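Commentary on secondary and tertiary structure
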Amino acid sequence: MENKVLVITEEEKGKRLDVYLAAALEVSRSYAQQLIQGEDVVVNDKQVKANYRLSEGDVVQVQLDVQEEYNVEPENIPLDVVYEDKDIIVVNKARGMVVHPAAGNYDGTLVNALLYHCQGELSGINGVIRPGIVHRLDKDTSGVMVAAKTDEAHKGLAEQIKAHSAHRTYWALVHGNISEEKGVIDAPIGRHPKDRIRMAVTFKGGRDAVTHFRVLKRYGDYTWVECKLETGRTHQIRVHMAYIHHPVVNDPLYGYKKDDFPIDGQALHSHSLDLVHPVTNELMHFEAPAPADFLECLKRAEQRE
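Described in the following lines is the structure provided in the data block. The numbering scheme is per chain: residues are counted from 1 as the chain's sequence reads. For this predicted model, a pLDDT threshold of at least 70 governs which residues receive local features, and a threshold of 80 or more governs which side-chain atom pairs are given and counted, while totals over whole chains, interfaces and linings are taken from all residues. Think of the side-chain values as coming from all heavy atoms in the structure, minus any hydrogens and water.

**Remarks on the pairing of strand β14 (residues 283-287)**
- Covered by surrounding structure in β14 are Met284 and Phe286 only, the residues Leu283, His285 and Glu287 on the alternate face being uncovered.
- Sheet topology note: the strand β13 (residues 268-276)/β14 ladder contains 5 bridges and is antiparallel. Paired with Ser272 across the two strands is Glu287, which belongs to β14. Think of it in three bands: with a 1.4 Å probe and only protein chains considered, a residue is buried below 20% of the maximum accessible area for its type, exposed above 50%, and partly exposed in between. Strands are runs of DSSP state E lasting at least 2 residues, helices are runs of H or I lasting at least 4, and numbering of each runs from the N terminus. Here, any two strands with at least 2 DSSP bridges between them count as paired.

What follows is the structure in structure tokens.
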């Protein structure tokens, strides 16, 4: 069992407990309700109902059944394959798809889809829960990512990511009109001191994090930016853009509470990936076109100019 302790911030007060847990744990709302009904959740050491409205300072404790040896099954889920050979596979991950199984999400993940598509031929370095997974994207971030089909390929890709020689480029629609044409955000990132589900810029104990951004287009109160990562910290772009007061549109953790945009999740897309093939040593470039919901956000921003 894993015990999670979450402290409610001012921004989170007023939310229903089940809605909050679904976002905080990245699980379905029905699973969050099962946890509450099964007495696996207490607020301030008391049992409460799913519709309990949270207050600032509430301490939410969750008991999760961690199933590291869970048998992940292949599932015939459509994949947008950008490139594939005997060593690696590059996909355009759909927004809303969880990368690997976790509490409350043991099926319908990218791993389930890859196991089916690759007929089980995936690297085993990361165990049965995360076969082939070298890096990840947040559930509600779409775009290009690579997985390893062999252990040799996995080691080579992991070394590139660790050395920051595999380059990732993201597109984001953010709030506000960024005056600079480009810039660098160099600010360490660590766990939020009060809200353990969030990350934050923390100069005490944070890990180095560097994001380069470039303005692609301005839309009055919004800006379309390209972001390149030197490091790969959890939620890095989302945290860094919020830190400079330009949070990603529709970001449920770091953005504004009310964003009237036609997108389910943050307006963030992994647009391109550059790497050296871990076996052939060939320099490779992959791109994933922006999905329709991201393009619709750009259109909506332009209409508001």
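Let's pick the thread back up.
**Notes on helix α3 (residues 110-117)**
- For α3, the tally of buried residues reaches 6 of 8 residues, placing the bulk of the element in the interior.
- Turning to α3, its buried residues number three or more, namely Leu110, Val111, Asn112, Ala113, Leu114 and Leu115.
- The contact rule is simple, with two residues in contact once any of their heavy atoms fall within 4.5 Å. If you follow the buried residues of α3, they end up packed against β5 (88-93) and β6 (142-148).
- Whenever a nitrogen or oxygen atom comes within 3.5 Å of another N or O atom, the pair is scored as a polar contact, on the condition that within protein one atom can donate a hydrogen and the other can accept it, and that pairs from neighbouring residues in sequence are kept only if both atoms are in side chains. Capping the start of α3 is the job of one residue whose side-chain oxygen sits 3.3 Å from the backbone nitrogen of Val111: Thr109.
- Where α3 terminates, the next one or two residues include Gln119, which has phi positive at roughly 55°.

**Section: the environment of Phe286**
- Its location among the elements puts Phe286 in strand β14.
- Phe286 sits in the buried class, given a relative accessible area of 6%.
- Distance from Phe286 to Leu275, taken between C-alpha atoms, is 8.7 Å for residues 11 residues apart in sequence.

**Focus: the pattern of salt bridges**
- Salt bridges, as used here, are contacts in which a Lys or Arg side-chain nitrogen is within 4 Å of a carboxyl oxygen on Asp or Glu. Evaluation of the coordinates by the stated rule reveals 13 salt bridges.
- The salt bridge partner of Asp293 is Arg95, with a shortest N-O separation of 2.8 Å. Pair noted here: Asp293 is in helix α6 (residues 292-303) and Arg95 is in the loop between β5 and α3, with a separation of 198 residues, a long-range link.
- One salt bridge connects Arg304 with Asp260, and the closest N-O pair in it is separated by 3.8 Å. Linking Arg304 in the segment after α6 with Asp260 in the loop between α5 (236-243) and β13, this pair joins segments that are 44 residues apart in sequence.

**A look at the environment of Gln119**
- Residue placement: Gln119 occurs in the loop between α3 and β6.
- Gln119 gets classed as exposed once you look at its relative accessible area, which sits at 71%.
- Separated by 76 residues in sequence, Gln119 and Asp195 have C-alpha atoms that sit 40 Å apart.

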